[in-house]
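Below are the chains, spelled out letter by letter.
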Amino acid sequence: MKKMDIIIIAVLLAVSFLPEIIFGIQGKKNFNNTYAEITISGKHYKTVPLSSNKGEDSFLIKNKYGENKIVVRDSSIAIIEADCPDKVCIQPGFISKPGESLVCLPHKLMIEIKGAAEDEEQLDKVSH
């Protein structure tokens, strides 16, 4: 190996850690306002506030594909019952962090956690 080979390997190794550094910084944001966005067949069905929720609430989603029972507990949400054959959507349990999602493919149901950081909320208020 020559000196230039070692330099190229060192640079490639350093660049390979770049996504981890960038996404690690973004992942540490403090989201004050989290909510679950529920879609069926890609169309908005319901938005459930999570950060302001206290206690436990449940509701049933029925559509032409099947039924799912959703439970909101404090600042988290889960699918606890489904009449789909594989029941993969039940396995993750409760989710609460922005970026996490639950999906029931047979029922075309998706629950995605989203959030806004305090500084983003203030920017929205100023711009409107």
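Up top is the structure these notes are about.
The rules behind these values
- Residues numbered from 1 in each chain as written.
- Predicted model: local features only at pLDDT ≥ 70, side-chain atom pairs only at ≥ 80, totals over all residues.
- Heavy atoms only, no water.
- Pairing = 2+ DSSP bridges.
- Helix = DSSP H or I, 4+ residues; strand = E, 2+ residues; numbered from the N terminus.
- Core = buried A, V, L, I, M, F, W, Y, C linked by side-chain atoms within 4.5 Å.
- Buried < 20%, exposed > 50% of the residue type's maximum accessible area, 1.4 Å probe, protein only.
- Contact = heavy atoms within 4.5 Å.

Student: Can you help me understand the pairing of strand β3 (residues 56-63) in this one?
Tutor: Each regular strand displays side chains that alternate between the two surfaces of the sheet. Bridging between β3 and strand β4 (residues 66-73) involves 8 bridges; their strand directions are antiparallel. Bridging from a neighbouring strand, Ile61 pairs with Asn68 of β4. Between the end of β3 and the start of β4, which pair antiparallel, lie 2 residues.

Student: Would you mind showing me how to read the nonpolar core here?
Tutor: The nonpolar side chains of soluble globular proteins are, as a tendency, buried together. If you look at the biggest cluster of nonpolar residues, it comprises 20 residues, and the most contacted ones within it are Ile70, Ile77, Leu109 and Ile111. Elements supplying a minimum of two residues to this core: β1 (31-40), β3, β4, β5 (76-82), β6 (101-104) and β7 (109-117). Beyond its immediate stretch of four places on either side in the chain, Ile111 contacts Ala36, Glu37, Ile38, Ile70, Ile77, Ile79, Ile95, Glu100, Ser101 and Leu102.

Student: Looking at this structure, I do not really get unusual backbone geometry. What am I missing?
Tutor: Most peptide bonds adopt trans geometry, and most residues besides glycine take a negative phi value. The residue Ser41 is not glycine, and still its phi comes out positive at about 55°. Secondary-structure assignment places Ser41 in the loop between β1 and β2 (43-49). The partly exposed category is assigned to Ser41, whose relative accessible area is 39%. Even without a glycine there, the phi angle at Asp74 is positive, about 50°. Mapping Asp74 onto the fold places it in the loop between β4 and β5.

Student: Honestly, the environment of Lys62 in this entry has me stumped. Any pointers?
Tutor: By secondary structure assignment, the location of Lys62 is in strand β3. Sequence separation between Lys62 and His107 is 45 residues; the distance between their C-alpha atoms is 9.1 Å.

Student: What's the story with the environment of Ala78 in this structure? I'm lost.
Tutor: Following the sequence through the fold, Ala78 ends up in strand β5. When the C-alpha atoms of Ala78 and Ile111 are compared, they prove to be 8.7 Å apart, with 33 residues separating the residues in sequence. Residues in contact with Ala78, not counting those within four places in the same chain, are Lys69, Ile70, Val71, Gly93, Phe94 and Leu102.

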